[in-house]
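Structural overview for review
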Amino acid sequence: MMIRKFVMVAMAVLAAGSIYGEAMRPLLTKENAFPGKHRFEVGAVGQYKQLNKKELAKDQETDVWWGTPYGRFGVADNFALFAKVPYGSIRPETGSDESGIGDVSAGFELLAFEDIFTYPFVIPHAEVFFNTGDEDKGLGEGKTHFMGGIAVGTVVEEVVQFVADLRYEIYDNRDNVASLAISVIWDLSERFAVLGEMKAADEEVNNHSYTMFFQGGLCYKITEALAINVYGGAGKHTDEDVVASTKISYAF
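For clarity, every value in this text was computed on a predicted model and none was experimentally measured.

With respect to the helices and strands, Lys-84 occurs in strand β3 (residues 79-84). Residues Lys-84 and Asp-103 lie 19 residues apart in sequence; the distance between their C-alpha atoms is 8.7 Å. With residues up to four places along the chain from it excluded, the contact list for Lys-84 reads Thr-68, Pro-69, Tyr-70, Val-104, Ser-105 and Glu-127.

As structure tokens, then:
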């Protein structure tokens, strides 16, 4: 009897040691997917935006590409640190092209509460954006700024996850911005999920007192460690006509 218990405990320890961390699938909210204690996750987000700005009573189309490598490290099972290094390329319809590094950022995610069955959950998080991007080229804000938020999630029928993420961004050179994002993720299988997201912010753009953004996505886990997601969306009361994104992540 003692031998059987010992074997079962040993198998559980070995299995736990081989479990990979989970990468977050939504781009606008935080879900309870963490790298795991002393584990790493690396990846990159590629994004294309087609902007349509009104300049001198004429529509000015601009193509913008962003490539953002990132890394996450699990300090504990419920606490992760992360950093992002964006690189952008801006190509306006008229005028010169610009490219270079954007505002590098770093922050943390804390799984402050999680039910024994993993739902519901509460995740406070924060991020600092450093003044590394050239504001005159459109690659940065021109000032270091801060974002703090809290995400709350639950699940329905064990396969449909809902997340609400409330954030507040603090700026020195313009008005602060409050926003609320909501994500709905439907797990069709252990490897494949579809999602929809929306975000509303009290940000004044084009004579409107708020902005909205909507996107859908497909998430596929190629292996236990490797995942790829694709997204497509558009904004309302913003300059963003089309936004297409891809995220690749690897946990080890």
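Picking up after the structure, the text goes on.
This brings us to the pattern of salt bridges. Scanning the model with the defined rule gives eleven salt bridges in all. Arg-25 is the salt-bridge partner of Asp-187, the closest N and O atoms lying 2.6 Å from each other. Of this pair, Asp-187 sits in strand β11 (residues 177-187) while Arg-25 sits in the loop between α1 (2-18) and β1 (40-55), placing them 162 residues apart in sequence. Here Glu-127 ties to Lys-84 by a salt bridge, and the two come within 3.6 Å at their closest N and O atoms. You can see Glu-127 sitting in strand β8 (residues 121-129) and its partner Lys-84 sitting in strand β3, a full 43 residues away along the chain. Three or more residues joined by partner-sharing salt bridges are found here, namely Lys-30, Glu-41, Arg-72 and Glu-109.

Our focus in this paragraph is the pairing of strand β15 (residues 240-251). In terms of strand pairing, strand β14 (residues 226-236) meets β15 through eight bridges, oriented antiparallel. Within the sheet, the bridge partner assigned to Gly-232 lies in β15 and is Ala-244. Between β14 and β15, which pair antiparallel and follow one another directly, the connecting turn spans three residues, one of which, His-237, has a positive phi of 65 degrees.

Next up on the list: the confidence of the model for the chain. For the chain, mean pLDDT is 90; residues scoring 70 or higher make up 90% of the total. Confidence drops under pLDDT 50 across residues 1-18; counting only partners more than four residues distant or on other chains, this segment forms three contacts.

Taken together, the side chains of Ile-150, Val-152, Val-156, Phe-162, Leu-166, Leu-180, Ile-182 and Val-184 present a nonpolar region at the surface, about 590 Å² in accessible area. For the nonpolar patch, the secondary structure elements donating two or more residues are β9 (145-156), β10 (160-170) and β11. Checked against the element boundaries, Ile-150 lands in strand β9. The exposure class assigned to Ile-150 is partly exposed, which follows from its relative accessible area of 37%.

Basis of the calculations
- Residues numbered from 1 in each chain as written.
- Predicted model: local features only at pLDDT ≥ 70, side-chain atom pairs only at ≥ 80, totals over all residues.
- Heavy atoms only, no water.
- Helix = DSSP H or I, 4+ residues; strand = E, 2+ residues; numbered from the N terminus.
- Contact = heavy atoms within 4.5 Å.
- Salt bridge = Lys/Arg side-chain N within 4 Å of Asp/Glu carboxyl O.
- Pairing = 2+ DSSP bridges.
- pLDDT = per-residue confidence, 0-100.
- Patch = residues over 30% accessible without salt bridge, like charges linked within 9 Å, V, L, I, M, F, W, Y side chains within 5 Å.
- Areas by Shrake-Rupley, 256 points an atom, 1.4 Å probe, with all protein chains shown as cover.
- Buried < 20%, exposed > 50% of the residue type's maximum accessible area, 1.4 Å probe, protein only.

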